[in-house]
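# Geometric and topological summary
Here's the letter readout for the chains.
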Amino acid sequence: MFKTVASVLVLSAASLMPSLAFAQQKSVIFKNGFESDADHKKWALMYGAKYATEQARTGAGALQIEQGEASVRSRVNLSEQGTLEFWIKTSSPATQYKVNVLVATNQNSDSGWVQVGQIVGNNDSVEYHAKRISIDDPGKKFLRLDFEVTNGQVWIDDLSVEKILLDTALQKNQEKVIAEVLGKLRDDKNYQVQADALRTLGKNYAAQIDVQRQYLEYANGIYSSVTLVLATSERGKMANPLAYQTFKGVVNDVRLVASPLQKARMDSLLRPLGDIATATLNVMTQGAYAAFAEPFKTIVATAFDKVAYENAGIDRKARKFAEENGLKTFTKTETFLTEVEKELNTVTTLDKDLIDIQREVDKFRKDLDKHLKESLIAVGMGRGQENYNRVLSKDEPTRTAALQEIHNYFMVQAESYQNHSSSNTEFVQFMMKATGTMEESQIFKERFNQIASSVITFYDKFDRSVAKDQNPFTTDTDRAVWESHAVKVRTYIQESKAAFAKAYM
């Protein structure tokens, strides 16, 4: 049922690859769970918010936001704020929220706050959902969150801020370069300074191309983890009736009293589920379950009907068993299938989440692929597939050589301008086109943040679905079977989650 779906400012073009590898190292500079007095002292609750001991995601506390408007500010100033991550829970799926993210150099002033991001939406369930957004401010500043909540309440927990990534430093430097260049152009037309700036921009542009490659690799590999494949497959089998002793007992009871025709009909219904004799389980789907459940209950009811078992050609002992156990067997069947259906609904919900994520990943990949090709065309790499393949190559020397060509293209432009063979207008147009392309690349970083939030939330739901208190079965034997599968799933999903966090976060 489940489907496998799996930045830097450089000193020289030759240093692109080591720098980009380093760019993915993350560092948390602020972490808060809204639990202890020490946590509370790090925040100033301005209005509309309070600490709550209920509804915590982890630990014993959370930040509760009442319906209406609310505002909280950090009491500590945070340097180099990169990605903000927190978990948000709503009182109902109808609850709408808007979270404005602001920073300022002075925590106590009401002026001077600059909005650096916004999260708007609602949750499709009353469970916690992860949210990530890039702040990307290299200064030492205070953090402020303004909330607007309608149709309920929200709770915030496990908030953290990561240090600014080097790919963001690339963007900030690029903005500084273009501002300085245009300023010089207005003031004194210093050709040497402008040409040098253009050469620097070339290094940044080449680095940004490699950042795009990395995000494409993230998208392509996001579901390629073998452990996620194993976890989702095992999870799907946990909703298969054939896994459980109660169901096998019902099947044996029906075989005891059923006619040859009823046995054949039952075998036909069981075949899509796997092999009951060898306990070979297929992944359960809603379609397979719907085609099986009601017809199977009908067979049970019919087989234990007095008219049916008296004419089924069975011996006296079997007829007596049917007479004494008909209602008991049917009740057991209904109870068990209700438990299985509950488990299947959980699996189906996880499957839908995974498919939705896959859809977003596919769109992200196609859009980024198109943007990368346009970025290459903008710097003279042409429309052919060859240069595109070189930039995406798994071979590091091949990639480095392609990125060097991009840098060289900027060098040629710089020499052209320095030798006065290019006009000021041409120079500005080229600079604006290059920087515009780089700025558009930042959109994909934020889109990947949204995808990452969805994946983190999915892992959290998956974890909770195999917690011991989620065991839906009533009999000890069935509960033990469910738990034996859950143990495997927990191991797989923890390994997959750790790999995802290490590679993509």
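Residues numbered from 1 in each chain as written. Predicted model: local features only at pLDDT ≥ 70, side-chain atom pairs only at ≥ 80, totals over all residues. Heavy atoms only, no water.

To continue, consider the overall build of the protein chain. Within the protein chain one finds 14 helices and 12 strands. Out of the 505 residues in the protein chain, the part that is buried amounts to 51%. Of the roughly 23,000 Å² that the protein chain leaves accessible, carbon and sulfur atoms contribute 51%. (Helix = DSSP H or I, 4+ residues; strand = E, 2+ residues; numbered from the N terminus. Buried < 20%, exposed > 50% of the residue type's maximum accessible area, 1.4 Å probe, protein only. Areas by Shrake-Rupley, 256 points an atom, 1.4 Å probe, with all protein chains shown as cover.)

This part is about the side chain of Asn240. On the secondary structure map, Asn240 appears in the loop between helix 5 (226-237) and helix 6 (245-257). According to the relative accessible area criterion, Asn240 is buried, its value standing at 0%. Looking at Asn240, its side chain comes within polar contact range of the main-chain oxygen of Leu273, at 2.8 Å. A polar contact is formed between the side chain of Asn240 and the backbone oxygen of Asn282, at a distance of 2.9 Å. Those residues in contact with Asn240 that sit more than four places away from it in its chain are Leu273, Leu281, Asn282 and Met284. (Polar contact = N/O pair within 3.5 Å; in protein donor to acceptor, adjacent residues only side chain to side chain. Contact = heavy atoms within 4.5 Å.)

With that settled, the discussion passes to the pattern of salt bridges. Think of it this way: side chains of opposite charge can pair up when their charged atoms draw near. Tallying each qualifying case throughout the model produces 31 salt bridges. A salt bridge links Arg447 to Asp367; the shortest N-O distance between them is 2.9 Å. Remark: Asp367 occurs in helix 10 (residues 316-378) and Arg447 occurs in helix 13 (residues 424-465); sequence separation between them is 80 residues. We classify Asp367 as partly exposed; its relative accessible area is 25%. (Salt bridge = Lys/Arg side-chain N within 4 Å of Asp/Glu carboxyl O.)

The subject of this paragraph is the packing of aromatic side chains. Enumeration according to the criterion identifies 21 aromatic pairs in this entry. Here Phe304 and Phe321 contribute two aromatic rings whose centre-to-centre distance is 6.4 Å and whose plane-to-plane angle is 50°, an arrangement assigned as tilted. Taken together, the residues Phe304 in the loop between helix 8 (286-303) and helix 9 (306-310) and Phe321 in helix 10 connect sequence positions 17 residues apart. The exposure class assigned to Phe321 is partly exposed, which follows from its relative accessible area of 22%. Pairing Phe364 with Phe444 gives two aromatic rings, centres 6.0 Å apart and planes at 70°, and the pair type is edge-to-face. Taken together, the positions of Phe364 in helix 10 and Phe444 in helix 13 put the pair 80 residues apart, joining distant regions of the chain. For Phe364, a relative accessible area of 0% puts it in the buried group. An aromatic cluster is defined as three or more aromatic residues linked by ring pairs; in this entry it consists of Tyr244, Phe247, Tyr289, Phe292, Phe296, Phe336 and Phe473. (Phe/Tyr/Trp six-rings, centres within 6.5 Å; stacked < 30°, edge-to-face > 60°.)

Between helix 6 and helix 10, whose axes approach to 10 Å, the crossing angle comes to 150°. Our pair here, helix 6 against helix 10, has a crossing hand that is left-handed. For the pair formed by helix 6 and helix 10, the contact residues are Thr246, Phe247, Val250, Asp253, Leu256 and Val257 on the first element and Ala318, Phe321, Ala322, Thr329, Lys332, Thr333 and Phe336 on the second. (Axes fitted to C-alpha atoms, helices over the stretch in contact; angles between N-to-C directions. Left-handed = near helix turned anticlockwise from the far one by under 90°.)

Right, let's get into helix 12 (residues 396-418). An α-helical turn contains 3.6 residues, so a residue and the one three or four places further along point in the same direction. Helix length check: helix 12 (23 residues) gives 33 Å between terminal C-alpha atoms against 33 Å at 1.5 Å per residue, within 8%. Just past helix 12, the residue His420 takes up positive phi, approximately 65°. (Expected span 1.5 Å × (residues − 1).)

Turning to the packing of helix 8 against helix 10, a few remarks are in order. Taken N-terminus to C-terminus, the directions of helix 8 and helix 10 make an angle of 175°; their axes are 11 Å apart at the nearest point. With respect to their mutual orientation, helix 8 and helix 10 come out roughly antiparallel. Each of Gln286, Tyr289, Phe292, Ala293, Phe296, Lys297, Val300 and Ala301 in helix 8 lies in contact with helix 10, whose residues at this interface are Thr329, Phe330, Thr333, Glu334, Leu337, Val340, Glu341, Leu344, Asn345 and Thr348. Each residue belonging to the contact of helix 8 with helix 10 can be placed in one class, and the counts come to 10 nonpolar, five polar and three charged. (Parallel < 35°, antiparallel > 145°, perpendicular 65-115°, else oblique. Nonpolar A, V, L, I, M, F, W, Y, C, P; charged D, E, K, R; others polar.)

This part takes up the environment of Ala434. Residue position: Ala434 is located in helix 13. Residue class for Ala434 comes out buried when judged on its relative accessible area of 4%. Placed 56 residues apart in sequence, Ala434 and Ala378 show a C-alpha to C-alpha distance of 7.2 Å. Setting aside residues up to four positions removed in sequence, Ala434 forms contacts with Leu201, Tyr205 and Phe410.

Here we come to the nonpolar core. Tyr205, Val254, Phe292, Phe296, Ile406 and Phe410 are the most contacted members of the largest nonpolar core, which totals 97 residues. When residues in this core are grouped by element, the largest group, 16 residues, is from helix 10. Those residues within four positions of Ile406 in sequence are excluded, and the remaining contacts are Tyr205, Ala206, Ile209, Leu376, Val379 and Met381. Phe30, Val103, Ile135 and Val161 belong to the second-largest nonpolar core, a separate cluster that totals 27 residues. (Core = buried A, V, L, I, M, F, W, Y, C linked by side-chain atoms within 4.5 Å.)

With respect to the element layout, Ser453 can be found in helix 13. In this structure the C-alpha to C-alpha distance between Ser453 and Glu85, which are 368 residues apart in sequence, comes to 8.5 Å. Apart from the residues lying within four places of it in its own chain, the contact partners of Ser453 are Ala130, Lys131 and Arg132. Among the polar contacts made by the side chain of Ser453, one reaches the main-chain amide nitrogen of Arg132 at a distance of 2.9 Å.

Time to look at the confidence of the model for the protein chain. Of the residues in the protein chain, 88% reach a pLDDT of 70 or more, and the chain-wide mean stands at 85. Predicted confidence for residues 1-25 stays below pLDDT 50, and this span has 81 contacts to residues more than four positions away or in other chains. (pLDDT = per-residue confidence, 0-100.)

A few words now on the pairing of strand 4 (residues 62-65). Walk down a regular strand and you will see the side chains alternate between the two sheet faces. Residue alternation in strand 4 divides its side chains into two sets, Ala62 and Gln64 and Leu63 and Ile65, and both sets are buried. As paired elements, strand 3 (residues 49-52) and strand 4 share four bridges and run antiparallel to each other. Within the sheet, the bridge partner assigned to Ala49 lies in strand 4 and is Ile65. The pairing of strand 4 with strand 10 (residues 154-163) spans three bridges and is classified as antiparallel. Residue Leu63 lies in a different strand from strand 10, and its bridge partner there is Ile156. (Pairing = 2+ DSSP bridges.)

Counted at 1.5 Å a residue, the expected span for helix 10 with its 63 residues is 93 Å, and the 87 Å between its end C-alpha atoms agrees. Most pronounced at Asn325, the bend in helix 10 amounts to some 60°. In this structure Asp315 caps helix 10, since a side-chain oxygen of it lies 3.3 Å from the backbone nitrogen of Lys317. After helix 10 finishes, the residue Gly380 shows a positive phi value of roughly 80°. (Bend = angle between axes of the 7 residues up to and from the residue.)

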